[in-house]
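# Fold and contact review
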Amino acid sequence: MSNDKQITSTNFIRNIVIRDIESGKHSSIVTRFPPEPNGHLHIGHAKSICLNFGIADEFGGTTHLRFDDTNPLKENEDFMNAIMEDVRWLGFEWDRLCHASDYFQQLYEYAIHLIKSGKAYVEELNAEEIRAYRGTLTEVGRESPFRDRPVTENLDRFERMKAGEFEDGQYVLRAKIDMSAANINLRDPVIYRIRNASHHRTGDQWHIYPMYDWAHGISDAIEGITHSLCTLEFEDHRPLYDWLLDNIPAPSHPRQIEFARGNLDYTVMSKRKLRQLVEEGHVSGWDDPRMPTLAGIRRRGYPPESIRAFWDAMGISKSESIISMGVLENQVRDDLNVRAPRTMAVLDPLKLVLTNFPEGETQWLDAAVHPQNEAMGIRKVPVTREIWVERSDFMEDPPRKFFRLKPGGEVRLRNAFIVKCNEIVKNEQGEVVELHCEFDPDSRSGLPGASRKVKGTIHWVSAVHGVPVEVRLCDRLFTVPNPLADKSRDFLEFLNAHSLDVIEGAIVEAAVAEGAPGDLYQFERTGYFVHDIVDSTPGKPVLNRIVTLRDSWARIEKEMAAG
RNA sequence: UGGGGGAUCGUCUAAUGGUAGGACAGCGGACUCUGACUCCGCCAGUGGGGGUUCAAGUCCCUCUCCCCCAGCCA
């Protein structure tokens, strides 16, 4: 496995930055990741985080984590802390921690400047009237009767808004731009509103709070951001972004560049929808392992390195896309394959009796922790007369190409020896409850006879030494690639009823049961698993399946079933 | 039918007038004490129609489809 960093494939934003450095427009660059602390970050945000931190990092620049905390009604400290934890988990550390609320005073002073230059006015129309005056997509708007109020009057009203003399919604401050603009964002946008609410950082100091467009661009300018990267829906805000900065004595004028958000299939990525899933109890929380949130992904066991590699591989463009979950999963497998110690675990146990193995005896066998990495060492695996094997590894009447256990057939027990299936024991219902097999002592791993080849190898765990654990098999949250595609239907209708399968009686090697939260494993032939960081306790281990191994047998089976 | 964007293999993404390339998936093979991993090979794309040019994914015209915008949200 090569450690060489793959050359970052280029993208249009990176090309712009390169040009700006080469032309001398910027000697160093500054980017920022600007979340609103009103929800949890998801894997789509990770794209933006990787972009902003990645590009600054590549060119020796800096990146700010800035909370866009301009709406006291929706934001809080808990979300802020969770976001910082998520960014750090992803592997990034900001050069500066900032808050839009740090700039409330400057933002206010710039608003005064705008008013004094006759480019902003206090609006008395209510929200409904403002909407009516704004016009529609195809009709121009009308100018407010308060648009040409004298500067002194505007100043006075704005001052009183700030002082808390008015009710929420009574007045707003609007930029005076152009009510007939084709771009609706330019039809005298609201830049301040009254909120007699306590802000989680500034307390009761303010009664007016800036709107996004006012706060964001100026915050960028104050911080000396060189490239303000955002998603496509802000594209028609750019003229406003530029207008606002052009009409105040801004300390700098960053360039806003838009890129497409990152979407995945079989999930939803909007904060509102994710919140709904949490609040209505369709999942156990923001950190449910099935959620696309970073908290969920972390709990699921996806390594942060794999998320970064994933977005690095996906690239940046302006075309909207929905990426196959399979691509992400593959990235996760690639990462886990290298780092995860191997172990054997039986998810759906079927008893197998080694009829020629001494009763009451335990033999300890050597097994590689990682077949491609000797440095990870060996572990001792106990074998006893009775062992558990995977029920799906036995078929009484198997199809061709089934290389596992079958009546009279031979198979290798991984890390042990070859066994031959002599007898099947059934219960009264006709279900197979036990297999009686004879093992070949000469075929034991490490012995010369081990070179004898049989078609199949299966995993197993000693019935004496194995430990029962709870295993949670996570699957996609939705049954369709895009749950939001059909606008006539509620996305909840497409929830996958089988997205979480809890198995109580899985059997693992003792060392796995003793693992710590967050420990990763490959259950050989089955998949990658992680000790649940929330519910796993020493007395009751819980393992989440991170992702299955690729399974070409499943494909063959499917093809055979299809004829 | 206002404005702003977008359309390249199945998926994502390169190619700033000069061989349409890469990754993942898929298919075929090799290897294998994980039907994993790894390795080798293959398949596969410029939305449609015109035009300019020696040469067009790229420039021009036109058509089609998709996304975003009428919050005192971000």
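Residues numbered from 1 in each chain as written. Chains lettered and ligands numbered in written order. Predicted model: local features only at pLDDT ≥ 70, side-chain atom pairs only at ≥ 80, totals over all residues. Heavy atoms only, no water.

## Section: the protein's contact with RNA strand B
For RNA strand B, the set of nearby residues contains 72 residues, the closest of which are R19, R195, R342, S445 and Q522. The sugar and phosphate moieties of RNA strand B supply 65% of its atoms located within 4 Å of the protein. Here a base nitrogen of RNA strand B sits 3.2 Å away from a polar atom, N or O, in the side chain of Q372. Within the side chain of E524, a nitrogen or oxygen atom sits 3.5 Å from a base nitrogen of RNA strand B. Only α1 (12–22), α5 (127–134), β6 (190–194), β11 (322–323), α12 (325–339) and α14 (552–562) provide two or more residues apiece to the surface near RNA strand B. With five residues, the top contributor of residues to the surface near RNA strand B is α14. Here the residues of the surface near RNA strand B sort into 23 nonpolar, 23 polar and 26 charged. (Near = heavy atom within 4 Å. Polar contact = N/O pair within 3.5 Å; in protein donor to acceptor, adjacent residues only side chain to side chain. Helix = DSSP H or I, 4+ residues; strand = E, 2+ residues; numbered from the N terminus. Nonpolar A, V, L, I, M, F, W, Y, C, P; charged D, E, K, R; others polar.)

## Quick notes on the domain arrangement of chain A
Once the domains are mapped, chain A shows domain 1 (105–213) and domain 2 (343–465). Placing a centre on the C-alpha atoms of domain 1 and another on those of domain 2 gives a separation of 75 Å. (Domains from an automatic or database assignment.)

## Here's the deal with the sheet that holds strand β19 (residues 418–426)
Neighbouring strands of a sheet are bound in pairs by backbone hydrogen bonds; such pairs are parallel or else antiparallel. Ordered in space as β21-β18-β19-β20-β14-β17-β22, the seven strands form an open sheet in which the pairing is mixed. The open sheet has two free edges, formed respectively by β21 (457–458) and β22 (460–462), since each of these has just one partner strand. (Pairing = 2+ DSSP bridges.)

## Concerning empty space enclosed by the protein
Within this structure, the stated rule accounts for one cavity of 30 Å³ or more. The calculated volume of the largest cavity comes to roughly 40 Å³. Along its surface, the largest cavity is lined by Y212, D213, H216, G217, H237, Y241 and Q256. Ranked by the residues each element gives to the lining of the largest cavity, the list is headed by helix α7 (residues 212–223), at four residues. Partitioned by chemical class, the residues of the lining of the largest cavity number two nonpolar, four polar and one charged. (1 Å grid on protein atoms, 1.4 Å probe; cavity = no way out; pocket = protein on both sides within 12 Å on 5 of 7 lines; lining within 4 Å. Points joined across faces, edges and corners; volume = space filled by probe spheres on them.)

## Details of the pattern of salt bridges
Within this structure, the stated rule accounts for 42 salt bridges. Across the pair E85 and R298 runs a salt bridge, and its minimum N-O distance is 3.7 Å. Here the residue E85 occupies a position in helix α3 (residues 77–90), and R298 occupies one in helix α10 (residues 294–300), the gap between them amounting to 213 residues. We classify E85 as partly exposed; its relative accessible area is 46%. Measuring nitrogen to oxygen at the nearest pair gives 3.8 Å for the salt bridge that ties E258 to K318. Placement of the pair is E258 in strand β9 (residues 255–259) and K318 in the loop between α11 (304–314) and β11, with a sequence separation of 60 residues. Taking the relative accessible area as the measure of exposure, E258 reaches 2% and is therefore buried. Residues joined by salt bridges that share partners form a network here, namely D287, R299, E470, R472, D532, D535 and K540. (Salt bridge = Lys/Arg side-chain N within 4 Å of Asp/Glu carboxyl O. Buried < 20%, exposed > 50% of the residue type's maximum accessible area, 1.4 Å probe, protein only.)

## With respect to helix α4 (residues 104–116)
Its 13 residues place the ends of α4 18 Å apart at the C-alpha level, agreeing with the 18 Å of an ideal helix rising 1.5 Å per residue. Within the span of α4, buried status applies to F104, L107, Y108, Y110, A111, I112, L114 and I115. In the segment just after α4, G118 is the residue with positive phi, at about 75°. (Expected span 1.5 Å × (residues − 1).)

## What to know about the state of the cysteines
Under the defined criterion, the tally for this structure stands at zero disulfides. Note on C50: no disulfide assigned, nearest cysteine sulfur contributed by C230 at a separation of 17 Å. Sulfur of C421: no disulfide; nearest cysteine sulfur belongs to C437 and is 4.4 Å away. The class of C421 is buried, set by a relative accessible area of 1%. (Disulfide = S-S within 2.5 Å.)

## Section: the pairing of strand β27 (residues 542–548)
Along β27, six of the seven residues are buried, which leaves the element largely enclosed by surrounding structure. Strand direction decides the pairing type here: strand β23 (residues 467–474) and β27, joined by four bridges, are parallel. By the bridge assignment for β27, V471 is matched with L543. Bridge count for strand β26 (residues 527–531) against β27 is five bridges, and the pairing is antiparallel. What sits directly across from V530, in β27, is N544.

## Focus: the environment of H282
In this fold, H282 is placed in the loop between α9 (271–279) and α10. Residue H282 is classed as partly exposed on the basis of its relative accessible area, which comes to 29%. When the C-alpha atoms of H282 and L477 are compared, they prove to be 9.7 Å apart, with 195 residues separating the residues in sequence. Beyond its immediate chain neighbours, meaning those up to four positions away, H282 contacts Q276, L277, R290, L492 and L495. (Contact = heavy atoms within 4.5 Å.)

## Quick word on the pairing of strand β2 (residues 62–67)
β2 sits mainly inside the fold: five of its six residues count as buried. Regarding the hand of the β-α-β motif, the stretch spanning strand β1 (residues 30–33), helix α2 (residues 43–58) and β2 is right-handed. Relative to strand β3 (residues 96–99), β2 is paired through four bridges, and the arrangement is parallel. Residue pairing in the sheet places R66 in a bridge with C98 of β3. In this fold, β2 hands off to α3, which returns the chain to β3; that crossover is right-handed. (Right-handed = clockwise from strand over helix to strand, strands pointing away.)

## Quick notes on the sheet that holds strand β4 (residues 120–123)
Ordered in space as β4-β5-β6-β7, the four strands form an open sheet in which the pairing is antiparallel. One side of each edge strand has no neighbouring strand; the edge strands of this open sheet are β4 and β7 (208–210). Ignoring strand direction, the axes of neighbouring strands in this sheet form an average angle of 25°. As paired strands, strand β5 (residues 172–175) and β6 are joined by three bridges and run antiparallel to one another. (Axes fitted to C-alpha atoms, helices over the stretch in contact; angles between N-to-C directions.)

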